[in-house]
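Structural features, examined
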Amino acid sequence: MVKDKDDGIVTEAISVNSQDDIPPVHQEDNILLRKLGYKSEFKREFSLLETISFSMAILAVSCGITTGYSYPLLSGGHFAMVWAWPIACIFVMCVAASMAELASSMPTSAGLYYFSAKMASEKHSALASWITGWSNITGQVTLICSINFSCTELITTAIAMGTDGAVVLGSGATFGILMHPIQAIHLTQLIFCSAGTRILARMTVVIMVLILSTSIGAIVSLLACSGNQRVSSVDAWTKFENNTGWSNNVWAFILAFTSPMWSLTGYDSAAHIAEETAGAARAAPIAILVGVAATEILGWLYYIAASYATNSVPDILQSKLALPLGQVFLNVLGKKGALALWCSIAVLQYLCGCSQAVDASRVIFAFSRDNALPGSRWWKRINRTTQTPVNAVWFAMLLSAICGTLVFSTAAFNSLASASVIGLYISYVTPIYCRVTWGKDKLQPGPFSLGWWSFPIGWIGIVWVVFMVVMLLFPYTQTASVQTMSVDYSVVIVMAVFVFAGGSWIFSARHWFTGPVSNIDVQSDSLSYSEKQNTQRNSF
């Protein structure tokens, strides 16, 4: 590549030799990325299938339903299991479709905060980008921790199932598996996630196969093996039982939306690996939409099967197991069958945490690339061996481990889960809001476009998220002890980040942060990884 300067104008010309061995689709990706203001620093080794798999790996529907089953169980029983999920899914798909349109137009790892900056007015561009970036990082990090805590609950539940209830580990033991020592889960994931792009891409396909097999296996086995324990269709679809402690049944049912909102997070991952994806402008939106749609369909079928297999809601609520769906598995499948399926889901949850850590590291890398995080010069470094942001992976896992110190009870976990959903969904709808207000005429459509529908769909998603954020700040149950912990921690986690980010903006960042900053400045920086490799080969 050469640069010519003429009257202060910098133009780029890519040498033929450096491009000869690069697939045309990668050349197009790199050219588009330069137009967005960034040099290509990653190997583009995620195919369309692997990008879809990565999106589904974080959504991990069989894990989400298995660990989130207690929410509808408490807040409506059978009725909430069957109906809360599809209702929430309709609105979540509106958010996903709006995000997919933006990802198709601007395929960069900067993702959501880049979208906000480009769609907002010039006056509000930097602030919108700042809010989006910090919200997304808050959600990304707390989501790693909540996924890993769920993994430990799956492990402790498996131990109780395997010992016929003789060993029932409490919250202290669960905390120990997660945090003492840290390498129990966090450190092993850290090492795994520091691998190169090719390994990570191949891993996602394995995870997708495991997701499909565990989901379909759970659905079929719960329906086929429940036998006399299966409830009638009338009960499975219509029986309402409020065990939340809230007197208002409508509000109790609304609280069941917590399950789909927590399960349906992380689909922005396809946007964050856009710089590692071939044909990103097409692959990213497809991965978002397919990942969300597949998760919604499989999740609803799983909940329907669980509703039929739940013979008695009060009896399941009395179970001593950390996760009540484990009791349903034991009742329906017996000890051996239940453990086989349960342990497969536990392994999948661990891998889901790995995928989420990769996603979080890409967000940290991109935000640091624009110098928005403390210590940005460390977190934006690319490892020469793996060609991935290893420092950002370590930083993400460290932050998650710190958040893990709060997870010493189920109520605290509920708060952490709520914080992750709140942080992520605020970052999801901020660029959408900018798109439907200031950015009506700014978007240059990519291969996927909603056209005129982007505005009503966008507003529906915005209103839904505002409602859900308010709902998630309330305690899930009306028990005094749980109420105190649940409200305080979810508010504290979210507010602590926003106070820090807000204070940083008022006293410092507003004077120097301008939003996404182009890093195409010198000849060597302008070359993509593939171009550098080809240039080196052609020089011999």
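Calculation notes
Residues numbered from 1 in each chain as written. Predicted model: local features only at pLDDT ≥ 70, side-chain atom pairs only at ≥ 80, totals over all residues. Heavy atoms only, no water. Axes fitted to C-alpha atoms, helices over the stretch in contact; angles between N-to-C directions. Helix = DSSP H or I, 4+ residues; strand = E, 2+ residues; numbered from the N terminus. Parallel < 35°, antiparallel > 145°, perpendicular 65-115°, else oblique. Left-handed = near helix turned anticlockwise from the far one by under 90°. pLDDT = per-residue confidence, 0-100. Contact = heavy atoms within 4.5 Å. Phe/Tyr/Trp six-rings, centres within 6.5 Å; stacked < 30°, edge-to-face > 60°. Buried < 20%, exposed > 50% of the residue type's maximum accessible area, 1.4 Å probe, protein only. Salt bridge = Lys/Arg side-chain N within 4 Å of Asp/Glu carboxyl O. Core = buried A, V, L, I, M, F, W, Y, C linked by side-chain atoms within 4.5 Å. 1 Å grid on protein atoms, 1.4 Å probe; cavity = no way out; pocket = protein on both sides within 12 Å on 5 of 7 lines; lining within 4 Å. Points joined across faces, edges and corners; volume = space filled by probe spheres on them. Nonpolar A, V, L, I, M, F, W, Y, C, P; charged D, E, K, R; others polar. Patch = residues over 30% accessible without salt bridge, like charges linked within 9 Å, V, L, I, M, F, W, Y side chains within 5 Å. Areas by Shrake-Rupley, 256 points an atom, 1.4 Å probe, with all protein chains shown as cover.

To continue, consider the packing of helix α11 (residues 197-224) against helix α18 (residues 325-369). Where α11 meets α18, the axes come as close as 10 Å, and the angle between the chain directions of the two elements is 150°. On the basis of their axis angle, the class for α11 and α18 is roughly antiparallel. Handedness of the α11/α18 crossing: left-handed.

A word on the confidence of the model for the chain. When pLDDT is averaged along the chain, the result is 85, and 85% of the positions lie at 70 or above. Confidence drops under pLDDT 50 across residues 1-19; counting only partners more than four residues distant or on other chains, this segment forms 38 contacts. Contacts of residues 522-540 to residues separated by more than four positions or lying in other chains number 41 contacts, the stretch itself having pLDDT below 50.

For the rest of this paragraph, the subject is the packing of aromatic side chains. The tally for this structure, following the rule as stated, stands at 33 aromatic pairs. When the centroid spacing of 4.1 Å and the interplanar angle of 5° are considered together, the rings of W379 and F395 count as stacked. Residue W379 is located in helix α19 (residues 376-379), and its partner F395 is located in helix α20 (residues 390-404); the two are separated by 16 residues in the primary sequence. Residue class for W379 comes out buried when judged on its relative accessible area of 19%. Accessibility expressed as a relative area gives 17% for F395, which makes it buried.

Turning our eyes to something else, we now look at the pattern of salt bridges. Enumeration according to the criterion identifies eight salt bridges in this entry. Between E50 and R202 there is a salt bridge, and its shortest N-O distance comes to 2.9 Å. With a gap of 152 residues between them, E50 in helix α3 (residues 48-59) and R202 in helix α11 connect regions that are remote in the sequence. Under the relative-accessibility criterion, E50 is labelled buried at 8%. A salt bridge links K335 to D164; the shortest N-O distance between them is 3.6 Å. Of this pair, K335 sits in helix α18 while D164 is found in the loop between α8 (125-162) and α9 (171-179), placing the two residues 171 residues apart along the sequence. Under the relative-accessibility criterion, K335 is labelled partly exposed at 34%. Classification of D164 as exposed rests on a relative accessible area of 62%. Several salt bridges converge on common partners, so that one network encompasses E41, E275 and R369.

Among the nonpolar cores identified, the biggest contains 153 residues, and Y69, L222, F257, Y267, Y302, F329 and Y425 are the most heavily contacted of them. With residues up to four places along the chain from it excluded, the contact list for Y69 reads M81, Y303, A306, T310, I316, P324, L325 and V328. Of all hydrophobic cores here, the second largest spans five residues; its members include V82, V231, A236 and Y308.

Further remarks concern the layout of surface pockets. Quantified by volume, the second largest pocket comes out at close to 410 Å³. What lines the second largest pocket is a set of 16 residues, and nearest its centre among them are T138, V141, L399, C403 and V497. Only α8, α20 and α23 (480-507) provide two or more residues apiece to the lining of the second largest pocket. Here the residues of the lining of the second largest pocket are counted per class, giving 14 nonpolar, two polar and no charged.

Right, let's get into empty space enclosed by the protein. Scanning all chains against the criterion turns up five cavities of 30 Å³ or more. In this structure, the largest cavity encloses a volume near 90 Å³. Together, I58, L59, A60, C63, G64, L143, I147, W262, S263, T265, Q349 and C352 line the largest cavity. Taken together, the elements giving at least two residues each to the lining of the largest cavity come down to α3, α4 (61-68), α8, α14 (258-263) and α18. In terms of residue class, the lining of the largest cavity is made up of eight nonpolar, four polar and no charged.

On the surface, Y433, W438, W459 and V463 cluster together into a nonpolar patch covering about 400 Å² of accessible area. Mapping V463 onto the fold places it in helix α22 (residues 454-472).

With a phi close to 35°, A60 is a non-glycine residue in the positive phi region. Tracing the backbone shows A60 in the loop between α3 and α4. When its relative accessible area of 1% is taken as the criterion, A60 is described as buried. One non-glycine residue, Q387, lies in the positive phi region at around 60°.

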